[in-house]
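Secondary and tertiary structure notes
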Amino acid sequence: MRGRIGRKSMLVTTLVIMGVATCLIGLLPTYATVGVWAPVLLVTLRIVQGIAVGGEWGGGVLIVSEHAPSQRRGFYSAGSQAGVGLGFVLSAAAYALAQQVTTKESFLAWGWRIPFVIGILLTAVGLLIRLRIMETPAFQEKESEPKKSAPPLLDVIRTHPKSIRIRSSRCSTRAIRC
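Let us look at the structure shown here. (Residues numbered from 1 in each chain as written. Predicted model: local features only at pLDDT ≥ 70, side-chain atom pairs only at ≥ 80, totals over all residues. Heavy atoms only, no water.)

1. Side note on the overall build of the chain
Note the threshold: Every helix listed is a DSSP run of H or I at least four residues long, and every strand listed is a run of E at least two residues long, numbered separately from the N terminus. Whether a residue is buried, partly exposed or exposed follows from its accessible area with a 1.4 Å probe, protein chains only, as a fraction of its type maximum: under 20%, in between, or over 50%, in that order. Contact criterion: two residues are considered in contact whenever any of their non-hydrogen atoms come within 4.5 Å of each other. Residue exposure ignores everything except the shown protein chains as possible cover, and the areas themselves are Shrake-Rupley values with a 1.4 Å probe.
Within the chain, the secondary structure is distributed over eight helices and zero strands. Starting at the N terminus, the α and β elements of the chain follow one another as α-α-α-α-α-α-α-α. When each of the 178 residues of the chain is scored for burial, the buried share is 22%. By sequence separation, contacts in the chain at least 24 residues apart represent 67% of the contacts at least 6 residues apart. When the accessible area of the chain is evaluated, it comes to approximately 12900 Å², of which 68% is carbon and sulfur surface.

2. Overview of the environment of Thr 33
Worth spelling out the cut-off: Distance and chemistry together define a polar contact, namely a pair of N or O atoms within 3.5 Å, with one atom able to donate a hydrogen and the other to accept it when in protein, and with adjacent residues in sequence counting only for side-chain atoms on both sides.
With respect to the secondary-structure elements, Thr 33 resides in helix α2 (residues 31–34). A polar contact is formed between the side chain of Thr 33 and the side chain of Thr 30, at a distance of 2.8 Å.

3. Some remarks on the packing of helix α1 (residues 7–26) against helix α3 (residues 37–67)
We count it as follows: Helix axes are fitted to C-alpha atoms over the stretch in contact, other axes to C-alpha atoms as well, and angles between N-to-C directions run from 0 to 180 degrees. Here the word oblique covers every angle except those under 35 degrees (roughly parallel), over 145 (roughly antiparallel) and from 65 to 115 (roughly perpendicular). What makes a crossing left-handed is the near helix being turned counterclockwise from the far one by less than a right angle; a clockwise turn instead makes it right-handed. When residues are sorted by character, Ala, Val, Leu, Ile, Met, Phe, Trp, Tyr, Cys and Pro go into the nonpolar class, Asp, Glu, Lys and Arg into the charged class, and all the rest, Gly among them, into the polar class.
Packing of α1 against α3 leaves a shortest axis separation of 8 Å and a crossing angle of 150 degrees. It follows from the interaxial angle that α1 and α3 lie roughly antiparallel. The hand of the α1/α3 crossing is left-handed. Taken together, the residues of the contact of α1 with α3 break down into 14 nonpolar, six polar and five charged.

4. Structural notes on the environment of Thr 103
Relative to the elements of secondary structure, Thr 103 occurs in the loop between α4 (73–100) and α5 (104–111). Note on Thr 103: relative accessible area 45%, which makes it partly exposed. Side-chain polar atoms of Thr 103 contact the side chain of Ser 106, separated by 3.0 Å.

5. Some thoughts on the environment of Lys 8
Assignment of secondary structure puts Lys 8 in helix α1. On a C-alpha basis, the gap between Lys 8 and Arg 130 in space is 7.1 Å, while along the polypeptide they are 122 residues apart. Lys 8 has contacts with Ile 63, Arg 130, Leu 131, Ile 133 and Glu 135, leaving out every residue within four places of it along the chain. Of the polar contacts made by the side chain of Lys 8, one reaches the backbone oxygen of Ile 133; its length is 3.0 Å.

6. As for the pattern of salt bridges
So the rule is basically this: We count a salt bridge whenever a side-chain nitrogen from Lys or Arg sits within 4 Å of a carboxyl oxygen from Asp or Glu.
Counted by the stated rule, this structure contains one salt bridge. Glu 56 is paired through a salt bridge with Arg 130; the nearest N and O atoms lie 2.7 Å apart. Of this pair, Glu 56 sits in helix α3 while Arg 130 is found in helix α6 (residues 113–132), placing the two residues 74 residues apart along the sequence.

7. Comments concerning the packing of α3 against α4
Across the interface, α3 lies against α4 with an axial gap of 8 Å and an inter-helix angle of 150 degrees. Considering the angle they form, α3 stands roughly antiparallel to α4. As α3 runs across α4, the sense of the crossing is right-handed. Mapping the contact onto sequence places Trp 57, Gly 60, Val 61, Val 64 and Ser 65 in α3 and Arg 73, Tyr 76, Ser 77, Ser 80, Gln 81 and Val 84 in α4. Grouping the constituent residues of the contact of α3 with α4 by class yields five nonpolar, five polar and one charged.

8. Remarks on the packing of aromatic side chains
Put simply, the rule is: Here a pair means two rings of Phe, Tyr or Trp (six-membered ring of Trp) with centres within 6.5 Å. Their orientation is stacked below 30 degrees between planes, edge-to-face above 60, and tilted elsewhere.
Tallied over the entire structure, the rule returns three aromatic pairs. Aromatic pair Phe 75 and Tyr 76: ring centres 6.1 Å apart, planes at 75 degrees, arrangement edge-to-face. Phe 75 sits in the exposed class, given a relative accessible area of 56%.

Take a look at the structure:
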């Protein structure tokens, strides 16, 4: 049976999805170039970001709490939750900085794209950090346990197919075979 997918690999995956979607928002063609596809692509990328942030949020709390000492799990997990708010503040600051360094016309034309494209650099930094962290002790313990067989229903179908009887609505409730 295939090995379990760890917390670390899922966090790496969600980070890459988020970073690529964010960068692609900054590289989107304009409405004048592709018409209605521009807003369709934007909404699609925002949905992808939303899915990734869901994985990030839950996975981040899980990995922090599993690495934390048992008596401090709540405190450490709260730090992970505070990171979400910090992310909002930093993104607003990046947006404000892009407005300050460009004229109003330049900002509306291309300046708004700068924070989104620079996001790929933050993704690279985050990826380097995440690749260096260890898998959580709880996951390592689960991974070392013997693998379970396939789901029981699949085991029965594979090993005892003739023992399975299917009832149809034509059969009486007392009938063994129809």
